[in-house]
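The chain contents come next:
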Amino acid sequence: MLDASTLAMLKKEALDARIKTIECISSFGSGHIGGSMSIIETLVYLYYVEMKIRSDEPDWKERDRLVLSKGHSGPALYAVLAKKGYFPVSELMTLNQGGTKLPSHVDMLKTPGIDFTAGSLGQGFSAALGIAAAQRLQGYSGSYTYAIVGDGESQEGQIWEAAECAGAWGVDNLIAFTDVNGQQLDGYTEDIIPMHHLKERYETFGFDAYAINGHDFNAIADAVASAKKVKGKPHMIILNTIKSYGYIPGEGVKSNHSMSINEETKKSSIEALIKREEAGE
Ligand SMILES: Cc1ncc(C[n+]2csc(CCOP(=O)(O)OP(=O)(O)O)c2C)c(N)n1
C-alpha cells in the first residue's frame, strides 16, 4: 500500500505522461496510442518508485532493466524517460521523424534509457529472460529485469518458449507484466485467439503469478512487493487494463491500435482528460 503523498505524485506523473504521449503522437500525426495508454501506470510506478536506475548514467551496469516487448508502445515509455531526464522533453516532438532518437518502436541503439530493441512481437520477453539470467551470472544480486508483454503478443509461440525456460531455470529477478487490454492490432483478442487463464498458464510454467487492475497503483505496488518476496521463481503480473485509457476518443473503440491525432483532437482530448481527472472519475 502506497502512502498518500507517493500515490498523489504517481497520479500526477501518470496524467503528465498521458498528456505527453498524446502530444508526441500528435506531433507526428498518428501512432500507437492504444497500447501506449494502457501501460502508463506500470511505467510510471516502475520508473518513479521501483527501479534502480541512473538517468545521468543510462548504461550503468548494475541498473534494473526494462524490456518493452510490445515495442510499438514506445511513445508512453519515451514520455516517462524524458520526464525522468534521459533526454530533453522537447525531443518527444520528434517522434518517428527523420533523424529522431525516438522511433515508433523502441530501439536501444537510438534512445538513452531503452534497454532492448523491440517491435517484432514475441522476442523481447526472451531477451528479458536472457538479461535477467545474465544479471544473476554477473553477480548483480539486487538487480531486476522487468518486461512488458502484450496479450495479442502472447499469441506468439516464442513467449511460451521463454516462459518454459524462465520457470525451469527459476529466474526470480525477472518480473514480467502482461498487458491484458483485450485488444490487438485488428480487433478483440477474444475474437482472434482468446488469452484465457493467463495467470494459471504462467503458474503451470513455474511462475509466481498475479492478476490485478493495471490502472491501480496500489495493486501494482503490492504485486511487485509480493513478487520480490518469492524466491526461486520468475514472476508474471497480469494487468487488466483498458486500451487507450486516458485518450478518451480511443476508449471502447475497436480500431484504437494506431490512430490519427490532429491538432484539434489533441487539444480537445487533453482537455477532456484533465476534466475527467479533476472530477475524480
Ligand atoms: C512478429 C510480429 N507480427 C506482427 C506484428 C504487427 N503488430 C504490431 S502490434 C500488433 C498487435 C499487438 O497486440 P498486443 O500485444 O495486444 O498490443 P497492444 O494491444 O497492447 O498494443 C501486431 C500484430 C509485429 N509487430 N510483430
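Below, the structure is looked at part by part. (Residues numbered from 1 in each chain as written. Predicted model: local features only at pLDDT ≥ 70, side-chain atom pairs only at ≥ 80, totals over all residues. Heavy atoms only, no water.)

With that settled, consider the pairing of strand E7 (residues 208-213). Pairing analysis gives six bridges linking E7 to strand E8 (residues 235-240), with the strands arranged parallel. Residue Asn-213 lies in a different strand from E8, and its bridge partner there is Asn-240. The β-α-β motif built from E7, the intervening helix H9 (residues 217-229) and the parallel element E8 has right-handed crossover chirality. (Pairing = 2+ DSSP bridges. Helix = DSSP H or I, 4+ residues; strand = E, 2+ residues; numbered from the N terminus. Right-handed = clockwise from strand over helix to strand, strands pointing away.)

Turning next to the packing of helix H1 (residues 4-28) against helix H4 (residues 74-83). The geometry of H1 relative to H4 is characterised by a closest axis approach of 8 Å and an angle of 120° between their N-to-C directions. Between H1 and H4, the interaxial angle falls into the category oblique. Considering how the two elements wind past one another, H1 and H4 form a crossing that is right-handed. Contacts between H1 and H4 pair Glu-13, Asp-16, Ala-17, Lys-20, Thr-21, Cys-24 and Ile-25 from the former with Pro-75, Ala-76, Ala-79, Val-80 and Lys-83 from the latter. (Axes fitted to C-alpha atoms, helices over the stretch in contact; angles between N-to-C directions. Parallel < 35°, antiparallel > 145°, perpendicular 65-115°, else oblique. Left-handed = near helix turned anticlockwise from the far one by under 90°. Contact = heavy atoms within 4.5 Å.)

Another point: the site of the ligand. Around the ligand, 18 residues are found, and the nearest of them are Lys-70, His-72, Gly-119, Asp-151 and Lys-243. At 3.1 Å, a backbone N or O of Leu-121 approaches a nitrogen atom of the ligand. Lys-243 places a polar side-chain atom, nitrogen or oxygen, 2.5 Å from an oxygen atom of the ligand. Isolated, the ligand exposes 590 Å² of accessible area, and the fraction of that covered by the protein chains is 77%. (Near = heavy atom within 4 Å. Polar contact = N/O pair within 3.5 Å; in protein donor to acceptor, adjacent residues only side chain to side chain. Areas by Shrake-Rupley, 256 points an atom, 1.4 Å probe, with all protein chains shown as cover.)

Our next topic: the sheet that holds E8. The strands making up a sheet are joined through hydrogen bonds of the backbone, oriented either antiparallel or parallel. Reading across from one edge, E2-E3-E4-E8-E7 is the order of the five strands in this open sheet, with parallel pairing throughout. Strands with a single pairing partner mark the edges of an open sheet, and in this sheet they are strand E2 (65-68) and E7. Each neighbouring strand pair of the sheet contributes to a mean axis angle of 20°, computed without reference to strand direction. When strand E3 (residues 145-150) meets strand E4 (residues 174-180), the two strands line up parallel, connected through six bridges. Residue pairing across strands places Val-149 opposite Thr-178, the latter belonging to E4.

A word on the environment of Asp-186. Turning to its location among the elements, Asp-186 is positioned in the loop between strand E5 (183-184) and strand E6 (187-188). Its relative accessible area of 56% is what places Asp-186 among the exposed residues. Residues Asp-186 and His-257, 71 residues apart in the sequence, show an inter-C-alpha distance of 7.6 Å. Among residues more than four places away in sequence, those in contact with Asp-186 are Ile-192 and Lys-254. (Buried < 20%, exposed > 50% of the residue type's maximum accessible area, 1.4 Å probe, protein only.)

Checked against the element boundaries, Glu-190 lands in helix H7 (residues 189-192). Residue class for Glu-190 comes out partly exposed when judged on its relative accessible area of 48%. For the pair Glu-190 and Phe-87, spaced 103 residues apart in sequence, the C-alpha to C-alpha distance is 38 Å.

Counting through the fold element by element, Lys-70 comes out in the loop between E2 and H4. Within polar-contact distance, the side chain of Lys-70 engages the side chain of Asp-179 at 2.7 Å. Beyond its immediate stretch of four places on either side in the chain, Lys-70 contacts Gly-35, Ser-38, Ile-39, Leu-121, Ile-148, Val-149, Gly-150, Glu-153, Asp-179 and Asn-181.

Now for the pattern of salt bridges. Applying the stated criterion across every chain yields a total of 14 salt bridges. Residues Glu-91 and Lys-101 are paired through a salt bridge, measuring 3.5 Å at the closest nitrogen-oxygen approach. Taken together, the residues span a long stretch of sequence, with Glu-91 in the loop between H4 and helix H5 (123-137) and Lys-101 in the loop between H4 and H5 at a distance of 10 residues. Residue classification places Lys-101 among the partly exposed residues on the basis of a relative accessible area of 35%. Where Glu-263 meets Lys-266, a salt bridge forms, and the shortest distance between an N and an O atom there is 3.2 Å. Residue Glu-263 and its partner Lys-266 are located together in helix H10 (residues 263-278), separated by three residues, close to a single helical turn. By relative accessible area, which is 44% here, Glu-263 ends up partly exposed. (Salt bridge = Lys/Arg side-chain N within 4 Å of Asp/Glu carboxyl O.)

This next bit is on the nonpolar core. For soluble globular proteins, nonpolar side chains are generally found buried alongside one another. Within the largest apolar cluster, 59 residues are counted, with the highest numbers of intra-cluster contacts made by Tyr-47, Leu-66 and Phe-177. Looking at which element gives the most residues to this core, the answer is H1, with nine residues. Leaving out residues up to four positions away in the same chain, Phe-177 has contacts with Thr-42, Leu-46, Tyr-146, Ala-147, Ile-148, Val-149, Ile-220, Val-224, Met-236, Ile-237 and Leu-239. Among the nonpolar cores identified, the runner-up in size contains 24 residues, and Phe-125, Ala-166, Ala-209 and Met-236 belong to it. (Core = buried A, V, L, I, M, F, W, Y, C linked by side-chain atoms within 4.5 Å.)

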